[in-house]
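Here is what each chain is made of, one letter per residue.
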Amino acid sequence: MRRVHLAGPASRSDLANYTGLNRSTVGDLVAELTARGLVQERAGPRGAPGRPSPIVTANPNGITVLAIAIFDDSLAVAIIGLGGRVLARESVERARDGSSAEATIARVAGICRTLLDGRPEQSPVQAIGIAVAGVVQRSDGELVVGPNLGWRHVALGELLRTTLGLDVPVFTANDADMATLAEHLRGAGMGCDDFVCLWGEVGVGAGIIAGGRPLSGRSGFAGEVGHLPLSPAGRLCHCGARGCWETEVGEHALLRRAGRAGSGGPGAIDLVLARADAGDPVAISAIEASGLWLAVGLATVIHTLNPERIALAGFFASILPYARDALTKALSELAIEPLAAAAIVPARLGADGPLIGAAELAFEHWLDDPASVPLIDRPEWSSTADRRVAAKEVGATRLAI
Ligand SMILES: [Zn+2]
């Protein structure tokens, strides 16, 4: 199930090769997933000798989840189906006006309702994933602190579930962690077991995959690299400390050096890049300073974690082509040689990374045990007879396994 969800359609014989199971077992498992409405099959291509192997595809309506991203300056909501199909999507700007978590969640819930009302014939969402710009406790998904949102100790998931009136599981996680999960599963970190994704906007955070698994730390707070104290005599950070990495490398620092302090958001960064394109020396040196400060923090990350690949996401991906020379030169001076070889690449999923990661977090709940998806009331089944046949097949499969 996870294979067709992440890698797309696969023939039964591909799945047999991938899982190491024999073809008849794969056939039984596909029959069970079909009976639960999770996959669909179509005839495979003819041409090879023997019977063509049917192609198994994830059914986007088999499981649908709500994915939500709460950033400092924008909100995004999507309904995403199995296989990663985006079925509906909406994003809005969010003023950096210190609005409360309750007001923001009420707005998010309003967008969710609009998207859900637009799909009245479809099966209801089965889980919700939230990516938020803040420190999130792994055990219960509490937002412990969102320094730039100005929120502390908010049970965001519970708040959303109550406001929406949906009784489904809600999973909440840090936005950089979710961008990392998305890039690892579907983007720049695919196939890479030692991977770091550095997410930059006003705040800076990293998600870490070590030995193929997410590194979360005791409470889930690992990767808060934006608050590494790299400039002890530096500026005050939102978190209350002085000289955090994000005060030198975050969006505000770039805009300040480019002479645009007080502006913000993606448009503001684009303007600095346009000025650099036009040869403006202030914009160019501001971006180079960001490249240098990126290297200072990345040297710490590289020496600690020895990653194979680092993806730069958020506005870091936009400035990478302009900042790469300054970054590479500084890193070669700051990092010992074998470690400095870590590849630095732009993230592939753009601003949608945290949203896609939040969806994957919600899918994970079902992918861990696809057999927990109920057999009844699947819209794909046209008649009660179909259901009876399906249930009988599943019973037989269970016995066989
Ligand atoms: Zn800080």
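Scroll up to find the structure.
Only a predicted model underlies this, so the values are computations on that prediction, with no experimental measurement involved.

Draft legend 1. Region of interest: the overall build of the protein chain. A count of helices and strands for the protein chain gives 14 helices and 16 strands. Computed over its C-alpha atoms, the radius of gyration of the protein chain comes to 23 Å, within 12% of the 21 Å expected for a compact globule of 401 residues. Projected onto its principal axes, the C-alpha positions of the protein chain cover 70 × 50 × 40 Å. The 401 residues of the protein chain split such that 46% are buried. Within the protein chain, counting contacts between residues at least 6 apart in sequence, those at least 24 apart form 64% of the total.

Draft legend 2. Spotlight on the environment of Ala-179. Here Ala-179 shows up in helix α6 (residues 175-186). Separated by 28 residues in sequence, Ala-179 and Gly-207 have C-alpha atoms that sit 7.5 Å apart. Ignoring sequence-local partners within four residues, the contact set of Ala-179 consists of Cys-197, Trp-199, Gly-207, Ala-313, Ala-347, Gly-353, Pro-354 and Gly-357.

Draft legend 3. Representation of unusual backbone geometry. Phi at His-153 takes a positive value of approximately 50 degrees, unusual for a residue other than glycine. As for its placement among the helices and strands, His-153 is situated in strand β10 (residues 151-154). Taking the number of C-beta atoms within 10 Å as the measure of exposure, His-153 has 10 and is therefore exposed.

Draft legend 4. Structural view of the sheet that holds strand β7 (residues 127-132). One open sheet accounts for 5 strands, arranged β6-β5-β4-β7-β11; its pairing is mixed. On the outer flanks of this sheet lie β6 (85-93) and β11 (170-174), each paired with one strand and no other. Mean inter-strand twist for the sheet, computed between neighbouring axes without regard to direction, equals 15 degrees. Across 5 bridges, the pairing between β7 and β11 is parallel.

Draft legend 5. Local environment of the sheet that holds strand β2 (residues 39-42). Read across the open sheet, the 3 strands follow the order β1-β3-β2; overall the sheet is antiparallel. Each edge of the open sheet carries a strand with a single partner, namely β1 (10-11) and β2. Alignment of β1 against strand β3 (residues 55-58), held across 2 bridges, turns out to be antiparallel. Among the inter-strand pairings, Ala-10 is bridged to a residue of β3, identified as Val-56. Lying on the sheet, helix α3 (residues 23-35) is in contact with β2 and β3; it crosses β2 at an angle near 120 degrees.

Draft legend 6. Seen up close, the packing of helix α2 (residues 12-19) against α3. Their axes nearest at 9 Å, the elements α2 and α3 cross at an angle of 110 degrees. Regarding the angle of α2 to α3, the classification is roughly perpendicular. Crossing handedness for the pair α2 and α3: right-handed. Residue-level inspection shows Arg-12, Ser-13, Leu-15, Ala-16 and Thr-19 of α2 in contact with α3, the latter providing Arg-23, Val-26, Gly-27 and Val-30. The residue makeup of the contact of α2 with α3, split by class, is 4 nonpolar, 3 polar and 2 charged.

Draft legend 7. Spotlight on helix α13 (residues 353-367). With 15 residues, α13 should reach 21 Å at 1.5 Å per residue; the first-to-last C-alpha distance of 20 Å fits that figure. Among the 15 residues of α13, 12 are classified as buried, and the element is accordingly described as predominantly covered. Looking only at α13, the buried set comprises Gly-353, Pro-354, Leu-355, Ile-356, Gly-357, Ala-358, Ala-359, Glu-360, Leu-361, Ala-362, Phe-363 and Trp-366.

Draft legend 8. Just α6, in detail. End to end, α6 covers 16 Å across 12 residues, agreeing with the expected 16 Å (1.5 Å per residue, within 8%). With 10 of 12 residues buried, α6 lies mostly within the body of the structure. Among all positions in α6, only Asp-175, Ala-176, Asp-177, Met-178, Ala-179, Thr-180, Leu-181, Ala-182, Glu-183 and His-184 are buried.

Draft legend 9. Molecular detail of the pairing of strand β13 (residues 204-210). The buried fraction of β13 is high, at 6 of 7 residues. Two elements, strand β12 (residues 195-200) and β13, share 6 bridges in a ladder whose sense is antiparallel. Residue pairing for β13: Trp-199 is matched across the bridge by Gly-205. Linking β12 back to β13 in an antiparallel pair, the connection comprises 3 residues. Bridge analysis of β13 against strand β14 (residues 213-214) gives 2 bridges, and the strand direction is antiparallel. Its bridge partner being in β14, Ala-210 is matched across the sheet by Arg-213.

Analysis parameters
- Residues numbered from 1 in each chain as written.
- Predicted model: local features only at pLDDT ≥ 70, side-chain atom pairs only at ≥ 80, totals over all residues.
- Helix = DSSP H or I, 4+ residues; strand = E, 2+ residues; numbered from the N terminus.
- Rg over C-alpha atoms; globule rule 2.2 N^0.38 Å.
- Buried ≥ 20, exposed ≤ 12 C-beta atoms within 10 Å, placed from the backbone.
- Contact = placed C-beta atoms within 7 Å.
- Pairing = 2+ DSSP bridges.
- Axes fitted to C-alpha atoms, helices over the stretch in contact; angles between N-to-C directions.
- Parallel < 35°, antiparallel > 145°, perpendicular 65-115°, else oblique.
- Left-handed = near helix turned anticlockwise from the far one by under 90°.
- Nonpolar A, V, L, I, M, F, W, Y, C, P; charged D, E, K, R; others polar.
- Expected span 1.5 Å × (residues − 1).

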